[in-house]
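Summary of structural features
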Amino acid sequence: MSESNGMVTAYRGRFAPSPTGPLHFGSLVAAVGSYLDARNHRGAWLLRMEDLDRTREIKGAADQILQTLDDFGFTWDGPVMYQSQRTEAYEAALESLIQKGLAYRCGCSRKEIAQIAQMGEEGPIYPGTCRNGQAKTRDSHSIRLLTQHKEIICTDQVQGNICLNPGKELGDFIIRRSDGFHAYQLAVVVDDAWQGINQVVRGADLLMSTPRQCYLQQLLRLPKPHYAHLPLAVDSQGRKLSKQYQDAPVDSRQPIESLLQALAFLGQPSPAEKPVNLSEFWAWAIEHWSLRKIPAQRQIAVSPANQ
Ligand code: GLU
């Protein structure tokens, strides 16, 4: 249960993998963290397949991820949602922003932007070149969201407060790409609201996306979930474990070992004896879960055995 405006609402969490390859230790950590937090609160845990960007999708990966989650003993509530089936909802949100004068067409290429933009922590800061309609003469265009020079403060339950001034630090950002795909930032906000998610637990690689999402929630008048960003599993060079770089998938034949490693990674205690089966593992882990024990670190290096 969580409390907002004095009303007690049932906890609704989610796991939202992108089908860009099989689950590796890093994505298992995100699945375990979001699952345990939801179940510890007797909440619902929903699955969303973020298959929006079909250029990055690996054929068969979505089914493989679901199979792995099942092999590891996760149980989810309701049917799996697929972003590839939600284009109309994203388009409606986009239209409403355009109607309100909050989004505009941009015809700049990456190369053009790189030549004029200052570099920010999150990439080039778009200087607003197309704000006044210049893109009309170009065939291909993206849609950008108008940002303001105003600080957005988001509270994160693990990492503390995050402050970001979108106008200054990001510039107007893309909400529909020039190839026609809606951007992750827009889709995730529309879907979190549609699925009634009130608690987002995910990897800290998305920490700086949160102010963008909170800003979009304000503009679209959508409720704002609570956020908790888990430390990201990185290799000894500080590189995120990633499906794209083909880091080793988790081993479905030894689920309890990987799950115990994920628990330890998240600063949780380990059971005195190795659980005999998955249901014993989950019952123990759910009961002993505490968000407060998670290290407030953006990333933690894992040994090659975990990768
Ligand atoms: N689809 C994203 C990923 O696999 C996660 C998005 C989110 O949790 O908001 O990294």
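Shown above is the structure to which this text applies.
Rules and cut-offs
Residues numbered from 1 in each chain as written. Predicted model: local features only at pLDDT ≥ 70, side-chain atom pairs only at ≥ 80, totals over all residues. Heavy atoms only, no water. Pairing = 2+ DSSP bridges. Helix = DSSP H or I, 4+ residues; strand = E, 2+ residues; numbered from the N terminus. Axes fitted to C-alpha atoms, helices over the stretch in contact; angles between N-to-C directions. Contact = heavy atoms within 4.5 Å. Buried < 20%, exposed > 50% of the residue type's maximum accessible area, 1.4 Å probe, protein only. Arc of directions from axis to C-beta. Disulfide = S-S within 2.5 Å. Salt bridge = Lys/Arg side-chain N within 4 Å of Asp/Glu carboxyl O.

**Re the sheet that holds strand β6 (residues 103-106)**
What the three strands build is an open sheet, ordered β6-β9-β12; its pairing is antiparallel. Every other strand in the sheet has two partners, leaving β6 and β12 (173-176) as the edge strands with one partner each. Across this sheet, the average inter-strand angle for adjacent strands is 45°, counted without regard to direction. Strand direction decides the pairing type here: β6 and strand β9 (residues 142-145), joined by four bridges, are antiparallel. Paired with R105 across the strands is I143, a residue of β9. Packing of helix α3 (residues 87-99) onto the sheet brings it into contact with β6, β9 and β12, and relative to β12 it is tilted by some 130°. Sheet contacts for helix α7 (residues 210-220): β9 and β12; angle to β12, the most-contacted strand, approximately 60°.

**Concerning helix α9 (residues 278-288)**
Residues of α9 that are buried: F281, W282 and A285. Buried residues in α9, looked at end-on, bunch into an arc of 90°, giving them a common side. Facing away from the buried side of α9, by more than 90 degrees, are the exposed residues S279 and E287. Those residues of α9 that are buried lie in contact with α1 (25-40) and α8 (255-265).

**Observations concerning the state of the cysteines**
Per the counting criterion, the structure on display carries zero disulfides. The thiol of C154 is unpaired, and the distance to the nearest cysteine sulfur, on C214, comes to 3.3 Å.

**So, the pattern of salt bridges**
According to the stated counting rule, one finds 14 salt bridges in the structure shown. We note a salt bridge from R86 to D191, for which the minimum N-O separation is 2.9 Å. With a gap of 105 residues between them, R86 in the loop between β5 (81-82) and α3 and D191 in helix α6 (residues 184-194) connect regions that are remote in the sequence. For D191, a relative accessible area of 0% corresponds to the buried category. For the salt bridge of R177 with D179, the shortest nitrogen-to-oxygen distance reads 2.6 Å. Taking relative accessible area as the criterion, R177 reaches 26% and is therefore assigned partly exposed. D179 sits in the partly exposed class, given a relative accessible area of 42%.

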